[in-house]
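Architecture and fold: a report
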Amino acid sequence: MLTLNPIALEQFASDNYSGICPEALEYMLQANHGSAPAYGDDIWTQKATDYFRDLFETDCEVFFVFNGTAANALSLAALCQSYHSVICHETAHVETDECGAPEFASNGSKLLLGKGQNGKLTPEAIATIVQKRTDIHYPKPKALSLTQATELGTLYTVDELLAIQSVAERYQLRIHMDGARFANAVAAMDVTPAEITWRCGVDVLCFCGTKNGMAIGEAIIFFNRSLAEDFAYRCKQAGQLASKMRFISAPWLGLLETGAWLRNAQHANRCAAYLEQQLSSLPGVEILSPREANGVFVSLPETAIDALRNKGWLFYNFIGTEGVRFMCSWATTTARIDQFVQDIKTALAATRSVNAHPEVEDSVAPVLQERP
Ligand SMILES: *Cc1c(COP(=O)(O)O)cnc(C)c1O
């Protein structure tokens, strides 16, 4: 077994800032012995695909692509015609962070944005959107996109998913799940992968490997196999068919066979819980949404945010100027969290003393816009 040193970067920016976990790297190196058939006709891809079928307890169709944007955009395009629309939460990554890729890949299927607390769509919000317009002049809602865990670090419970399934059935909407942090959801909810996907009516899941510990690579899993018809051609046309596919599928097999996919997620979730626990008792820190997976969303005074950035800590602004997101990954350590919390305490204390002497000008640091 290889060992990796944790990345020295001072960061709680994203789980995709982390490196490759040992299990994924080990299998990638094993796949590097000799030659293998290209374009997915290799043993690694076959084994990883079969492993997904075991893990999800169903005969699903599996495809491997490079990143999450491609996985979401291509799978949504498979659920829709260009004159259809996709209902998603207003904070959904497909809306806010994919540069219009879902609309592009589907030749124009419009995203319709719904509201809901803590990043979650509700059956009521979905029904309202569907009922708003039913005439020929408006793109017909055909799919729902749910993010699990959500962009605000929360989780759809099984009951919430079942309620959404029933509204989806009522309006004949197909269900897409953006599983950028699907492993974190499974780990946090203590459910089987099947229980929060096809057993709740999910037609297609984009299961993210990158944020879980791989270098690159997402699995697109069609539980509704008829929707996967000709999907391989769609991937190829979009430039998403890796010729050396084994270097995506072998690390997946490494995560799956060794159980690292779940351990990595459990570790990241525990780190986030620990960070949240440390922060919740600090005056000046407000928890913005319930910490349910591997992200902690808090508000901090802007001066404290600037001070932390000046110390070299990387993290994203998420909600307004005082809302920030702290993301944990497989590589996060409690030592690093302790250091971070210490710096937050120092920054808050400095903020309080500045506030006691308001003639001192606040410094302004640049705000990162991108939020992977
Ligand atoms: C990271 C992420 C993705 C994938 O993003 P890529 O940069 O395209 O890999 C998709 N959805 C959500 C919610 C994400 O956080």
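Residues numbered from 1 in each chain as written. Predicted model: local features only at pLDDT ≥ 70, side-chain atom pairs only at ≥ 80, totals over all residues. Heavy atoms only, no water.

Some remarks on helix H6 (residues 123-132)
Since there are 3.6 residues in each turn of an α-helix, residues three or four apart along the chain are aligned in direction. Listed as buried for H6 are Ala125, Ile126, Ala127, Ile129 and Val130. Packing partners of the buried residues in H6 comprise strand E2 (84-89), strand E3 (110-114), strand E4 (140-147) and helix H7 (158-170). (Buried < 20%, exposed > 50% of the residue type's maximum accessible area, 1.4 Å probe, protein only. Helix = DSSP H or I, 4+ residues; strand = E, 2+ residues; numbered from the N terminus. Contact = heavy atoms within 4.5 Å.)

Examining the site of the ligand
Close to the ligand lie 13 residues, the nearest being Gly68, Thr69, Asp178, Arg181 and Lys211. The separation between an oxygen atom of the ligand and a polar side-chain atom of lysine 211 is 2.6 Å. Here the ligand loses 86% of its free accessible area of 390 Å² to cover by the protein chains. It is helix H3 (residues 68-79) that contributes the most residues to the shell around the ligand, three residues altogether. (Near = heavy atom within 4 Å. Polar contact = N/O pair within 3.5 Å; in protein donor to acceptor, adjacent residues only side chain to side chain. Areas by Shrake-Rupley, 256 points an atom, 1.4 Å probe, with all protein chains shown as cover.)

Describing the packing of aromatic side chains
Counted by the stated rule, this structure contains 22 aromatic pairs. Pairing phenylalanine 56 with phenylalanine 207 gives two aromatic rings, centres 6.2 Å apart and planes at 90 degrees, and the pair type is edge-to-face. You can see phenylalanine 56 sitting in the loop between helix H2 (43-55) and strand E1 (61-65) and its partner phenylalanine 207 sitting in strand E6 (residues 204-208), a full 151 residues away along the chain. The same class applies to phenylalanine 56 and to phenylalanine 207, which are both buried. When the ring of phenylalanine 315 is compared with that of phenylalanine 326, the centres are 5.3 Å apart and the planes differ by 90 degrees; the resulting orientation is edge-to-face. Note that phenylalanine 315 is positioned in the loop between helix H12 (302-310) and strand E10 (316-317) and phenylalanine 326 in strand E11 (residues 323-327), a separation of 11 residues in sequence. The same class applies to phenylalanine 315 and to phenylalanine 326, which are both buried. (Phe/Tyr/Trp six-rings, centres within 6.5 Å; stacked < 30°, edge-to-face > 60°.)

Looking at helix H10 (residues 246-258)
The end-to-end C-alpha separation of H10 is 17 Å, in line with the 18 Å expected for 13 residues at 1.5 Å each. Counting buried residues along H10, 11 of its 13 residues qualify, which places the element largely inside the surrounding structure. Along H10, the residues that are buried comprise Arg246, Phe247, Ile248, Ser249, Ala250, Pro251, Trp252, Leu253, Gly254, Leu255 and Leu256. Against helix H1 (22-30), H2, E1, E6, strand E7 (218-222) and helix H11 (260-280) lie the buried residues of H10. Trailing H10 by a residue or two, glycine 259 shows a phi angle of about 80 degrees, which is positive. (Expected span 1.5 Å × (residues − 1).)

Notes on the environment of lysine 244
Mapping lysine 244 onto the fold places it in the loop between helix H9 (231-237) and H10. It is 6.2 Å that separates the C-alpha atoms of lysine 244 and tyrosine 39, two residues lying 205 residues apart in sequence.

Description of the side chain of serine 18
Here serine 18 shows up in the segment before H1. By relative accessible area, which is 14% here, serine 18 ends up buried. Only 2.7 Å separates the side chain of serine 18 from the backbone oxygen of aspartate 15, close enough to count as a polar contact. A polar atom in the side chain of serine 18 sits 3.4 Å from the side chain of tryptophan 330.

Some points on the sheet that holds E10
Spatially, the four strands line up as an open sheet ordered E8-E9-E11-E10, and their pairing is antiparallel. Every other strand in the sheet has two partners, leaving strand E8 (286-289) and E10 as the edge strands with one partner each. Summarising the sheet, strand E9 (residues 295-299) and E11 pair through five bridges and their orientation is antiparallel. Bridging across to E11, glycine 295 finds its partner in methionine 327. Most of the contacts of H11 go to E9, to which it runs at about 20 degrees, and overall it touches E8, E9 and E11. (Pairing = 2+ DSSP bridges. Axes fitted to C-alpha atoms, helices over the stretch in contact; angles between N-to-C directions.)

Looking at the domain arrangement of the protein chain
Split by domain assignment, the protein chain resolves into domain 1 (8-16 + 261-354) and domain 2 (21-259). Taking the mean C-alpha position of each, domain 1 and domain 2 sit 28 Å from one another. Counting residues at the interface gives 24 residues for domain 1, matched by 27 residues for domain 2. For the pair domain 1 and domain 2, the summed buried surface comes to about 2,100 Å²; carbon and sulfur atoms form 55% of the total. A per-residue breakdown of the area domain 1 buries against domain 2 is headed by Trp261, Arg263 and Glu292, which together make up 37% of the total. A salt bridge links arginine 181 to aspartate 15; its shortest N-O distance comes to 2.8 Å. On inspection of domain 1 and its partner domain 2, the count reaches 14 residue pairs in polar contact (both at pLDDT 80 or more). Taken together, the elements giving at least two residues each to the side of domain 1 that touches domain 2 come down to H11, E8 and E11. Among the elements that take part in the side of domain 1 that touches domain 2, H11 stands out by supplying eight residues, more than any other. Split into classes, the residues belonging to the side of domain 1 that touches domain 2 amount to 12 nonpolar, seven polar and five charged. (Domains from an automatic or database assignment. Buried area = accessible area lost by both parts, 1.4 Å probe. Salt bridge = Lys/Arg side-chain N within 4 Å of Asp/Glu carboxyl O. Nonpolar A, V, L, I, M, F, W, Y, C, P; charged D, E, K, R; others polar.)

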